[in-house]
Amino acid sequence: MKTTKKILWMALAMLMLSVGCTKKSSEKQMLSFKFETLDVEAIIDEETKTISATLPYYADIANLTPTIVLSENATVNPNSGVPMDFTNPVIYTVTAEDGSKAVYTVVVNYQSSSENKILEFRFEEQGINADIDAEKKSISATLPY
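Residues numbered from 1 in each chain as written. Predicted model: local features only at pLDDT ≥ 70, side-chain atom pairs only at ≥ 80, totals over all residues. Heavy atoms only, no water.

Next up on the list: the packing of aromatic side chains. By the definition in use, this model includes six aromatic pairs. Between Phe-33 and Phe-35 the ring centres are 5.6 Å apart and the planes differ by 80 degrees, which places this aromatic pair in the edge-to-face class. Classification of Phe-33 by relative accessible area gives buried; the value is 0%. Of the aromatic side chains, those joined through ring pairs into one cluster are Phe-33, Phe-35, Phe-86 and Tyr-92. (Phe/Tyr/Trp six-rings, centres within 6.5 Å; stacked < 30°, edge-to-face > 60°. Buried < 20%, exposed > 50% of the residue type's maximum accessible area, 1.4 Å probe, protein only.)

What follows is the structure, encoded as structure tokens:
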């Protein structure tokens, strides 16, 4: 019986030592950074730790929610899924399991729009639609005296 107890205690001690000696991961990489609602994936430059995204001209960059995928066992601050104001660069800190950190800067730009046409010009009170000549860039209407 004493021998069995000794063996069990030794096995328990070895198990605790092996668990306590496992090396924690130093991986702290952003694997992807997306704006799901806009179907836009940002470009990650690991060398400079910059992330850039070009969003449609109509996007509200003052209230965007990114989805972030990280290295296994890493965490990020601010968290993935939290709405952020991207009118200025935003700093994200990725922390590895071993406590080491990587700092990323996210910059969001607008995509230029070629949609700059006046589609309708109307005088509501008179019920008159103006004529639009997109080629000449002119709008004309005949109004009652």
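Bringing the sheet that holds strand S4 (residues 50-55) into the picture now. Strand pairing in a sheet takes place through backbone hydrogen bonds and is either antiparallel or parallel in direction. The strand order S3-S4-S8-S7-S6 describes an open sheet built from five strands, whose pairing is mixed. If you trace the sheet from one side to the other, it starts and ends with strand S3 (43-45) and strand S6 (75-77), each paired once. Ignoring strand direction, the axes of neighbouring strands in this sheet form an average angle of 25 degrees. For S3 and S4, the ladder comprises three bridges, and the chain directions are antiparallel. By the bridge assignment, Ile-43 is partnered in S4 with Ser-52. (Pairing = 2+ DSSP bridges. Helix = DSSP H or I, 4+ residues; strand = E, 2+ residues; numbered from the N terminus. Axes fitted to C-alpha atoms, helices over the stretch in contact; angles between N-to-C directions.)

Another point: the nonpolar core. Membership of the largest hydrophobic core comes to 24 residues, with the highest contact counts inside it found for Met-30, Phe-33, Phe-35, Leu-55, Phe-86, Tyr-92 and Val-108. Secondary structure elements with two or more residues in this core: strand S1 (30-35), S4, strand S5 (67-70), strand S7 (90-95) and strand S8 (101-110). Here this core takes four residues from S8, the largest share from any one element. (Core = buried A, V, L, I, M, F, W, Y, C linked by side-chain atoms within 4.5 Å.)

Summarising the sheet, S1 and S5 pair through four bridges and their orientation is antiparallel. Within the sheet, the bridge partner assigned to Lys-34 lies in S5 and is Thr-67. Where S1 meets strand S2 (residues 40-41), two bridges bridge the pair, whose relative direction is antiparallel. Looking at the pairing, Phe-35 lines up with Val-40 of S2. Between the antiparallel neighbours S1 and S2 lie four residues, among them Asp-39 with a positive phi of about 55 degrees.

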